[in-house]
Amino acid sequence: EIETDESVKIQMCNCTSSGCLKLYCECFKANRYCGGHCRCSCCSNSSEHEAKRHKAMQGILMRNPFAFRSKIESKGDADFQDVDIITQSQIVLKE
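Computed from a prediction, not measured in an experiment: that's the story for all the values here.

Enquirer: Any chance you could explain the packing of aromatic side chains here in plain terms?
Expert: The geometry of an aromatic ring pair comes down to the distance between the two centres and the angle between the two planes. Going through the model one piece at a time under the given rule, you end up with 1 aromatic pair. Between F28 and F68, the aromatic rings sit 5.4 Å apart at their centres with planes inclined by 85 degrees, giving edge-to-face as the arrangement. You can see F28 sitting in helix α1 (residues 26–29) and its partner F68 sitting in the loop between α2 (50–63) and β3 (83–87), a full 40 residues away along the chain. Using a relative accessible area of 9% as the deciding quantity, one classes F68 as buried.

Below, the structure written as structure tokens:
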């Protein structure tokens, strides 16, 4: 883990043979590219491999439509809030 200036923790991946295109890759699971902070090898989770990355994401979403959805916990208790998914990159909370 790396802490940025805003005290946000960024997970580093250490993938060796998956090409960073499986859900156990911290970066891929968080729907972000691997970066210089990662220690992965043979990485395909980058803008240079966008077509391959997109194909892998679609395959995972076909099996599990909620695979990339964040689990949002309320601060007061451990109950999960209801969410509506509008697109894979935009999550809106129900009021």
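Enquirer: What's the story with the pattern of salt bridges in this structure? I'm lost.
Expert: Where charged atoms of side chains with opposite charge meet at close range, the side chains can pair. Taken as a whole and judged by the stated rule, the model has 1 salt bridge. A salt bridge links E50 to R53; its shortest N-O distance comes to 4.0 Å. Of this pair, E50 and R53 both sit in helix α2, separated by 3 residues, roughly a single helical turn.

Enquirer: Please clarify how the confidence of the model for the chain should be interpreted in this entry.
Expert: Interpretation of this model should avoid reading the predicted coordinates in detail wherever pLDDT is low. With 63% of its residues at a pLDDT of at least 70, the chain reaches an overall mean of 75. Across the chain, the secondary-structure element scoring lowest on mean pLDDT is strand β4 (residues 90–93), at 43, and the one scoring highest is α2, at 94. Note on residues 73–95: pLDDT is under 50 here. Beyond four places in sequence and across chains, it has 32 contacts.

Enquirer: What's the story with the side chain of S18 in this structure? I'm lost.
Expert: Structurally, S18 is set in the loop between β2 (9–10) and α1. Side-chain polar atoms of S18 contact the backbone nitrogen of C20, separated by 3.1 Å.

Enquirer: Please clarify how α2 should be interpreted in this entry.
Expert: Side chains that are three or four residues apart share a direction in an α-helix, a result of its 3.6 residues per turn. Counted at 1.5 Å a residue, the expected span for α2 with its 14 residues is 20 Å, and the 20 Å between its end C-alpha atoms agrees. Within α2, burial applies to R53, A56, M57, I60 and L61. Angular distribution of buried residues about the axis of α2 spans 135 degrees; they occupy a single face of the element. In α2, the exposed positions that point more than 90 degrees away from the buried face belong to A51, K55, M62 and R63.

Here is what the cut-offs are and how they apply
Residues numbered from 1 in each chain as written. Predicted model: local features only at pLDDT ≥ 70, side-chain atom pairs only at ≥ 80, totals over all residues. Heavy atoms only, no water. Phe/Tyr/Trp six-rings, centres within 6.5 Å; stacked < 30°, edge-to-face > 60°. Helix = DSSP H or I, 4+ residues; strand = E, 2+ residues; numbered from the N terminus. Buried < 20%, exposed > 50% of the residue type's maximum accessible area, 1.4 Å probe, protein only. Salt bridge = Lys/Arg side-chain N within 4 Å of Asp/Glu carboxyl O. pLDDT = per-residue confidence, 0-100. Contact = heavy atoms within 4.5 Å. Polar contact = N/O pair within 3.5 Å; in protein donor to acceptor, adjacent residues only side chain to side chain. Expected span 1.5 Å × (residues − 1). Arc of directions from axis to C-beta.

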